[in-house]
Amino acid sequence: MKPTQVVLIVIVLCLCLYFGMTSRESYSLDNYKKFEDYDLIGEPREGVECFEKTKPEKCMSMCDSETGCVGFKHSEKDDMCCLSGELLPVKKHIPGEQTTTYVKIPNGYTFEQKGERLGGEIKIMTEVELDACAKECDSLDECVGITFHGAYCIPKKSEGLIPKYIETTSSQFFSKT
């Protein structure tokens, strides 16, 4: 083989590897509830980790792998994302700021509205991921939903569960579908 042929083969292999790897990195934000022009995460503080030059898909990947992450906000204007294990007690409307909040929703659950539903506690679990919290609820016959707040999980039953949402809380209730 001539040296030019070897160089050409190496270049082709490098291009194939590069484009093959990047095309496999596809993310879907389907398991996230999107709030455009709302900040439900807040400013960087304890429990809120921010990253510069990060696209929403990368934020989602980081949130999915972070224990206790319930969602993230992404600023298109600043190209920054912030992960959090809790939501702000109130929805902060910020039109024109190009900020979107994404709240993670476990498979088999829905996000009906922001907030917590009191009562109906089956048990309290700590240091658990959102998906593990949902799986625990799935394993309990009487469980109708979960409350999640920064790695705290509370599976809930319908008996004693208040139908009204308390919106001024950083906990989130997810209904089982």
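Notes on the structure follow. Since this is a predicted model, take the numbers as computed values, not measurements.

### Describing the overall build of the protein chain
Now for step 1: Across its full length, the protein chain holds three helices and eleven strands.
Now for step 2: Ordering the α and β elements of the protein chain from the N terminus gives α-β-β-β-α-β-β-β-β-β-α-β-β-β.
Now for step 3: For the protein chain, buried positions account for 40% of its 177 residues.
Now for step 4: Summarising the internal contacts of the protein chain: among those between residues at least 6 apart in sequence, 73% fall at separations of at least 24.
Now for step 5: As displayed, the protein chain offers around 10,200 Å² of accessible surface, 54% of which is attributable to carbon and sulfur atoms.

### Some thoughts on the packing of aromatic side chains
Now for step 1: Taken as a whole, this structure holds five aromatic pairs when the rule is applied.
Now for step 2: Arranged with centres 5.5 Å apart and planes meeting at 65°, the rings of Phe35 and Phe111 form a pair that is edge-to-face. Here Phe35 is found in strand β1 (residues 32–36), whereas its partner Phe111 is found in the loop between β8 (109–110) and α3 (130–138), with 76 residues between them in sequence.
Now for step 3: In this structure Phe35 comes out as buried when scored by relative accessible area, which is 10%.
Now for step 4: For Phe111, a relative accessible area of 7% corresponds to the buried category.
Now for step 5: Each residue in the set Tyr32, Phe72 and Tyr102 is aromatic and connected to the rest through ring pairs, giving one cluster.
Now for step 6: The aromatic ring of Phe35 is capped on one face by Lys33, whose charged end is 5.9 Å from the ring centroid.

### Notes on helix α2 (residues 56–65)
Now for step 1: Among the residues of α2, Pro56, Cys59, Met60, Met62 and Cys63 are the ones counted as buried. The buried residues of α2 all sit within an arc of 165° when viewed along its axis, so they share a single face.
Now for step 2: Turning to α2, the residues buried within the fold contact β1, β3 (48–52), β4 (71–75), β5 (80–84) and β7 (99–104).

### Structural notes on a nonpolar patch on the surface
Now for step 1: Together, Leu118, Ile162 and Ile166 make up a nonpolar patch on the protein surface, roughly 240 Å² of accessible area in all.
Now for step 2: Mapping Ile162 onto the fold places it in the loop between β10 (152–157) and β11 (172–176).
Now for step 3: Take Ile162: its relative accessible area is 41%, and that puts it in the partly exposed class.

### With respect to the sheet that holds β11
Now for step 1: The four strands are arranged β8-β11-β9-β10 in an open sheet whose pairing can be described as antiparallel. The open sheet terminates on both sides in strands that have one partner only, identified here as β8 and β10.
Now for step 2: Pairing geometry for strand β9 (residues 143–149) and β11, over four bridges, is antiparallel. The residue of β11 that forms the bridge with Thr147 is Phe173.

### Observations regarding unusual backbone geometry
Now for step 1: A positive phi angle, near 60°, is found at Gln98, a position not held by glycine.
Now for step 2: Within the fold, Gln98 resides in the loop between β6 (92–93) and β7.
Now for step 3: We note that Glu127 has phi near 50°; this positive angle belongs to a residue other than glycine.
Now for step 4: With respect to the helices and strands, Glu127 occurs in the loop between β8 and α3.

### What to know about the nonpolar core
Now for step 1: Of all hydrophobic cores here, the largest spans 23 residues; its most connected members are Val103, Tyr109, Ile146, Phe148 and Phe174.
Now for step 2: The set of elements that each furnish at least two residues to this core consists of α3 and β9.
Now for step 3: Broken down by element, this core gets its largest block of residues, four residues, from α3.
Now for step 4: With near-sequence residues (within four places) excluded, Val103 lies in contact with Asn31, Tyr32, Lys33, Phe35, Leu40, Val70, Gly71, Leu87, Phe111 and Phe174.
Now for step 5: Core analysis: the next-biggest nonpolar cluster, separate from the first, contains ten residues, Cys59, Met62, Cys81 and Leu83 among them.

### Here's the deal with the pairing of β7
Now for step 1: Burial within β7 is extensive, with six of its six residues counted as buried.
Now for step 2: Of the two faces of β7, the one carrying Thr99, Thr101 and Val103 and the one carrying Thr100, Tyr102 and Lys104 are both buried.
Now for step 3: The pairing of β1 with β7 spans five bridges and is antiparallel. Bridge pairing in β7 places Lys33 opposite Val103.
Now for step 4: Pairing geometry for β4 and β7, over five bridges, is antiparallel. Paired with His74 across the strands is Thr100, a residue of β7.

Rules used throughout
Residues numbered from 1 in each chain as written. Predicted model: local features only at pLDDT ≥ 70, side-chain atom pairs only at ≥ 80, totals over all residues. Heavy atoms only, no water. Helix = DSSP H or I, 4+ residues; strand = E, 2+ residues; numbered from the N terminus. Buried < 20%, exposed > 50% of the residue type's maximum accessible area, 1.4 Å probe, protein only. Contact = heavy atoms within 4.5 Å. Areas by Shrake-Rupley, 256 points an atom, 1.4 Å probe, with all protein chains shown as cover. Phe/Tyr/Trp six-rings, centres within 6.5 Å; stacked < 30°, edge-to-face > 60°. Lys NZ or Arg CZ within 6 Å of the ring centre and 35° of its normal. Arc of directions from axis to C-beta. Patch = residues over 30% accessible without salt bridge, like charges linked within 9 Å, V, L, I, M, F, W, Y side chains within 5 Å. Salt bridge = Lys/Arg side-chain N within 4 Å of Asp/Glu carboxyl O. Pairing = 2+ DSSP bridges. Core = buried A, V, L, I, M, F, W, Y, C linked by side-chain atoms within 4.5 Å.

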